[in-house]
Amino acid sequence: MTDYKDTLNLPRTRFPMRGNLAKREPEMLKRWEQQDIYGQIRAAAKGRPRFVLHDGPPYANGDIHLGHALNQVLKDIIVKSRTLDGYDAPYVPGWDCHGLPIEHQVERRLGKQGNGLDAREFRAACREFAGEQVNRQRVDRKRLGAIGDWDRPYLTMDRRYEAEQLRAFARLLKRDLVFRGYKPVHWCLNCQSALAEAEVEYRDKRSYAVDVRFAVVDRSALGKALGVAVPDCPASIPIWTTTSWTLPGNRAVALNAALQYVLVETDFGAGRECLLVAEDMLESVANRYGMEERSVVGAAPGAAFERLELRHPFFDRVVPVVLGDHVTTEAGTGAVHTAPGHGHEDFAMGVEYDLPLDCPVDGDGRYLPATALFAGQHIDDAGRGIFETLRERGALLHSERVDHSYPHCWRHRTPVIFRATPQWFIGMDQGELRAEALEQITRVEWTPDWGEERIRGMIRDRPDWCISRQRTWGVPIPLFVHRESGEMHPDSAELALQVADVVEQHGIDAWFDPSLGEVLGDDAELYEPVTDVMDVWLDSGFSHHVVGTLWDEVSMPVDLYLEGSDQHRGWFQSSLLTSVGMYRRAPYKGVLTHGFTVDEQGRKMSKSLGNVIEPKQVYRTLGADILRLWVAATDYRSEMSVSREILTRVSDAYRRMRNTQRFLLGNLHGFDPGRHQVLDERMVALDRWALERARELQVEVVRAYERYEFHHIYHKVHNFCVVDMGGFYLDVLKDRLYTTPAEGVPRRSAQTAMYHIAEAMVRWLAPILSFTAEEIWQELPGERGDSVLLSTWHEIPEPDDYGDAAGGAESAEVDWPAILRVRQQVTVRLEALRAEGIIGSPLDANVMIECADSLAATLKRLGEELRFVFITSDAKVRSMTGTPPPPPPPRSLDSDAAAGTMWGVGIEIVPSPHEKCVRCWHKRVDVGQHAEHPELCGRCVSNVEGLGETRIYA
RNA sequence: GCCCCAGUAGCUCAGUCGGUAGAGCGGCGGGUUUAUACCCCGUGAUGCGCCAGAUAAGCGGCAGGUCGCCGGUUCGAAUCCGGCCUGGGGUACCA
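What this report covers is the structure whose coordinates are included nearby.

Conventions we followed
- Residues numbered from 1 in each chain as written.
- Chains lettered and ligands numbered in written order.
- Predicted model: local features only at pLDDT ≥ 70, side-chain atom pairs only at ≥ 80, totals over all residues.
- Heavy atoms only, no water.
- Helix = DSSP H or I, 4+ residues; strand = E, 2+ residues; numbered from the N terminus.
- Rg over C-alpha atoms; globule rule 2.2 N^0.38 Å.
- Buried < 20%, exposed > 50% of the residue type's maximum accessible area, 1.4 Å probe, protein only.
- Contact = heavy atoms within 4.5 Å.
- Areas by Shrake-Rupley, 256 points an atom, 1.4 Å probe, with all protein chains shown as cover.
- Core = buried A, V, L, I, M, F, W, Y, C linked by side-chain atoms within 4.5 Å.
- Patch = residues over 30% accessible without salt bridge, like charges linked within 9 Å, V, L, I, M, F, W, Y side chains within 5 Å.
- Salt bridge = Lys/Arg side-chain N within 4 Å of Asp/Glu carboxyl O.
- Lys, Arg positive; Asp, Glu negative; His and termini not counted.
- Charge placed at Lys NZ, Arg CZ, Asp CG, Glu CD.
- Pairing = 2+ DSSP bridges.
- Axes fitted to C-alpha atoms, helices over the stretch in contact; angles between N-to-C directions.
- Parallel < 35°, antiparallel > 145°, perpendicular 65-115°, else oblique.
- Left-handed = near helix turned anticlockwise from the far one by under 90°.
- Expected span 1.5 Å × (residues − 1).
- Arc of directions from axis to C-beta.
- Near = heavy atom within 4 Å.
- Polar contact = N/O pair within 3.5 Å; in protein donor to acceptor, adjacent residues only side chain to side chain.
- Nonpolar A, V, L, I, M, F, W, Y, C, P; charged D, E, K, R; others polar.
- Phe/Tyr/Trp six-rings, centres within 6.5 Å; stacked < 30°, edge-to-face > 60°.

## Focus on the overall build of chain A
- A tally of helices and strands in chain A yields 29 helices and 31 strands.
- The C-alpha radius of gyration of chain A comes to 39 Å, more than 25% above the 30 Å expected for a compact globule of 954 residues.
- Across the 954 residues in chain A, those meeting the buried criterion constitute 58%.
- Restricting the contact set of chain A to residue pairs at least 6 apart, pairs at least 24 apart contribute 79%.
- For chain A, the computed accessible surface area is about 39,900 Å², with 48% contributed by carbon and sulfur atoms.

## Comments concerning the nonpolar core
- Membership of the largest hydrophobic core comes to 211 residues, with the highest contact counts inside it found for Phe169, Tyr588, Phe710, Tyr729, Trp764, Trp816 and Ile849.
- Top contributing element to this core by residue count: helix α22 (residues 710–739), with 14 residues.
- Apart from residues no more than four positions distant in its own chain, Tyr588 is found in contact with Val444, Trp446, Ile455, Pro557, Val558, Tyr561, Phe572, Ser575 and Leu576.
- Of all hydrophobic cores here, the second largest spans 69 residues; its members include Phe179, Leu310, Leu390 and Phe425.

## Quick word on a negative patch on the surface
- Where like charges cluster on the molecular surface, the negative patch consists of Glu306, Asp325, Glu345 and Glu352.
- One can find Asp325 in the loop between β13 (318–323) and β14 (335–338).

## Details of the sheet that holds strand β16 (residues 417–426)
- Taken in spatial order, the four strands of this open sheet run β5-β4-β16-β18, and their pairing is antiparallel. If you trace the sheet from one side to the other, it starts and ends with β5 (193–195) and β18 (465–466), each paired once.
- Where β16 meets β18, two bridges bridge the pair, whose relative direction is antiparallel. Paired with Ile426 across the strands is Trp465, a residue of β18.

## Looking at the side chain of Asn71
- Among the structural elements, Asn71 can be located in helix α3 (residues 66–84).
- In this view, Asn71 contacts Leu562, Glu563, Gly564 and His594; residues no more than four positions away in its chain are not counted.

## Digging into the packing of helix α11 (residues 433–441) against helix α16 (residues 571–583)
- In the contact formed by α11 and α16, the axes pass within 9 Å of each other and the chain directions differ by 110°. Judged by the angle between their axes, α11 and α16 are roughly perpendicular. Relative to α16, the crossing made by α11 is right-handed. Note on element contacts: α16 touches α11 through Leu576, Leu577, Val580 and Gly581, opposite Leu433, Glu436, Ala437, Gln440 and Ile441.

## Side note on helix α13 (residues 492–506)
- Along its 15 residues, α13 runs 20 Å from first to last C-alpha, staying within 8% of the 21 Å computed at 1.5 Å per residue.
- Here α13 has its buried residues at Ser492, Ala493, Leu495, Ala496, Val499, Ala500 and Val503. Along the long axis of α13, the arc covered by the buried residues comes to 150°, so they all point the same way.
- Among the residues trailing α13, Gly507 stands out with phi positive, at a value near 85°.

## Here's the deal with the protein's contact with RNA strand B
- Near RNA strand B you find 65 residues, and of these Arg18, Thr241, Arg655, Arg656 and Trp921 are the closest.
- Counting only atoms of RNA strand B within 4 Å of the protein, the sugar-phosphate share comes to 67%.
- His711 places a polar side-chain atom, nitrogen or oxygen, 2.6 Å from a phosphate oxygen of RNA strand B.
- Contact distances for RNA strand B include 3.2 Å between a phosphate oxygen and a side-chain N or O atom of Thr827.
- Counting residues per element, the ones that place at least two in the surface near RNA strand B are β7 (235–241), β14, α9 (344–353), β15 (396–409), α12 (450–461), α19 (644–667), α22 and α25 (816–835).
- Of all the elements, α22 adds the most residues to the surface near RNA strand B, at 13 residues.
- Looking at the surface near RNA strand B residue by residue, the class counts come to 20 nonpolar, 25 polar and 20 charged.

## A short note on the sheet that holds strand β1 (residues 53–54)
- Taken in spatial order, the four strands line up as β1-β23-β24-β17 in an open sheet, and their pairing is parallel. Looking at which strands have only one partner, the edges of the open sheet turn out to be β1 and β17 (445–447).
- Examined bridge by bridge, β17 and strand β24 (residues 588–594) share three bridges and lie parallel to one another. Each bridged residue has a counterpart across the sheet, and for Trp446 the counterpart in β24 is Val591.

## Points about the side chain of Arg213
- Considering the arrangement of structural elements, one finds Arg213 in strand β6 (residues 200–216).
- Note on Arg213: relative accessible area 12%, which makes it buried.
- Polar contacts involving the side chain of Arg213 include one to the side chain of Glu273, which spans 2.8 Å.
- Apart from residues lying up to four places away in sequence, Arg213 is in contact with Ser236, Ile237, Pro238, Phe268, Ala270, Glu273, Leu275, Pro313, Gly394, Ala395, Leu396 and Leu397.

## Here's the deal with the packing of aromatic side chains
- One pass over the structure, following the stated rule, counts 24 aromatic pairs.
- For the ring pair Tyr154 and Trp551, a centre distance of 6.5 Å and an interplane angle of 75° mean the geometry is edge-to-face. Of the two residues, Tyr154 sits in strand β3 (residues 154–155) while Trp551 sits in the loop between α15 (543–550) and β23 (558–564), which places them 397 residues apart along the sequence.
- By relative accessible area, which is 0% here, Tyr154 ends up buried.
- Relative accessible area serves as the criterion here: at 8%, Trp551 is assigned to the buried category.

Here's what the structure looks like:
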């Protein structure tokens, strides 16, 4: 018996089955670095249309977490797919480097400034710390496989960045968008600084709510407003507040002009008295105070009480009744304690009624020395004292604990206070900034589309932007104010430009250098520099300008911003406002957002739940490509689930794609696309079909990349690998690849198709499975560049029409879908026989198909080659014109198998009576007819020592 | 509190105009082997009961009829409308 194994063309490849990504990926990174992949791509893409995705800078503190990784991978997929799409798509990564969290880290290391550390040294330490963080994060971001200009990122602490930021700020000054205001802002006692809206988060807090009497000064005035006589007893308006510490700042009581108020006479333990409350609140107020009996004396709308005089509960102060729409009947009494220094609405009331703007609390949270009764006390401790004082003065109606949502510092997680202090603002309305921003929003493409509504609402309703911070580590606000009046210098914009030049040369420390006064010239005596620094949202908010100005390859406005959906209030907004302020247009043409990562049950990741997955943990075990594939597989528009099971499923899919490519590579062994391609009329029909399928899929893949629908790509490509390739095409191809002559047309035709499929697929995968695609790229035959990323989508050729060999043009079209349907039925029937032990492998079987003329014609067209499609030893077709469909096969009455039989198609399968060819395993009548090869079938004889068989269809 | 998003099989996702609920993966059972990480077949969305010491599997049967839940519109709803639940996010003038 001869061993014919050597005469077969079995697959051969160096491309391993296992990815071993944790080990191989770092090697690939090194390779990319050595070949300067990013520089090469830029050179290759030069002159193409540009597509700029502008990086939102992560904050340079701490290691990246899964959310960062997800964001990075999405950006990278987009940059790479646009590159393959024929764009010049640069990517300049950035980092946000100033700000409080870094100051805290430095304080933890070195202690607060003042303790032997001056501001200049402190800033130097912050700079060093941020630099370390950038380096750490850079390693992790690169490890994910993201390509970009990692050696030349933008850092908001770079001198040139800081200088350009100051120039950008000068443009806002020129438009008069910046002003100094004295108004309440969120103030964090731990930060010792004002906070922006975006630095505040709402959390539950337990407070003591008190109801307080504000005595009416003049009963007759009250009676007049009501149009009735007021009984001869004390009258007051009760208010309800959860922040009793703001009572020292009280300057008014607000009613709603349109609400109906009633004066009730009652006695619940403090003697007979009259209380004025909103009619709608009377019931709940009565319950709260324990009023058992009451009588309504009179009623009038809130408007009637405007400017009615009330006595402050513990200060010798008369405060007016004011009217405001913010007063509702959701809680309280319908009368609102108003302290203009401690709230937005209160401040607005103060402006309208010209109330004194008191803020008796300092930056530490202590009452100022001039505050009667409470001077020097901390607001957290004063609650008791205020409570006692109210009780002593008979002003306390009720007190209770309440749990309510309250603003907290998002860094410290501690409650913030509202505190009026002099701050710098970007005005939303004085320069039409709000209106222009709202208009620009409509010109941007928001994905998902609800993003537009979200940001519109936020811009519409937001207060002026408080941009000053009383901190050390940040870009100075480059303003000089008059030493006496506090007014800005009239040439502020021009001066800021000069400051920018100085900072560019000497760094931001120059701002605090006494020599800075030189830029003022003769005014140096009259003006002094502001010591506040800018809100860091302004740093990153200006990045569109800075990066657009300093990087040649980035043009403004950019095509896309891509961040988590929380950035509608953060970076999307700060960028929009600065850009509209400077250029009167949005900085981006499109904004794409993604959701947050959650666990399999949809719960957010938290240490206490133990469901946190770290990017490091994934790429050090499974590999970055698995993480990338997870990103691609998941619909990122809503929350994205990760868990070990999900990653396991993703790994399975990875293996499938990898091994499909491996099979292609293994069978392309010995194939030189420059010499061996068969794309003329000799190309086998099945191979034409495969190319056609790949072409169709490529259209879908490219379109999905365009629309950022990566999860569709994952599913479609995976399905292609499983169903079209593994489940059909490649399975059928094995016989032809392995048994026909290596150099013959049948095998070369298959290799041609496989070659183009591999070329196309490696590019489909490249934006997602970047490491693996590069590995495949190196194994593909033919001339090629250093990297798959230097190419564009593969053009899948259309072969020439069939020649006469196929029997003329009428046979050009093969109805593959119909054949596949029949094939499906054949496999079901084969399985049934196998279950009965009649056959083992499909190659033990001969198939006879009986069906109507048209289908029979389709099948008969394949002639002898039909058996290869079924992978059986023989397949014949009989047409049954005019005869009814045969009854279900008598054998195997298993209902499923019977039901699985196509209507009108009879399938008869019998075991082949012939000998098995030891080489191709088909059982054929001609086995043993050749003296020299007694164990082979006829076509194997011809394949081994003749010219080889001919294949036209399969 | 208000607003937005999501909820379809164990997992990831499709589901067009309102017309019989799908794919791939995974699991389980079986087969095959010239890709043993390949391929082929079967098995899937509610509840209950029988067999059994019990669990799983299996077997046979009953009632059913499915898209987070409830209701509505409709001849007909995963799809349209209303309400609710769960999760995620946003937002706030919560005094």
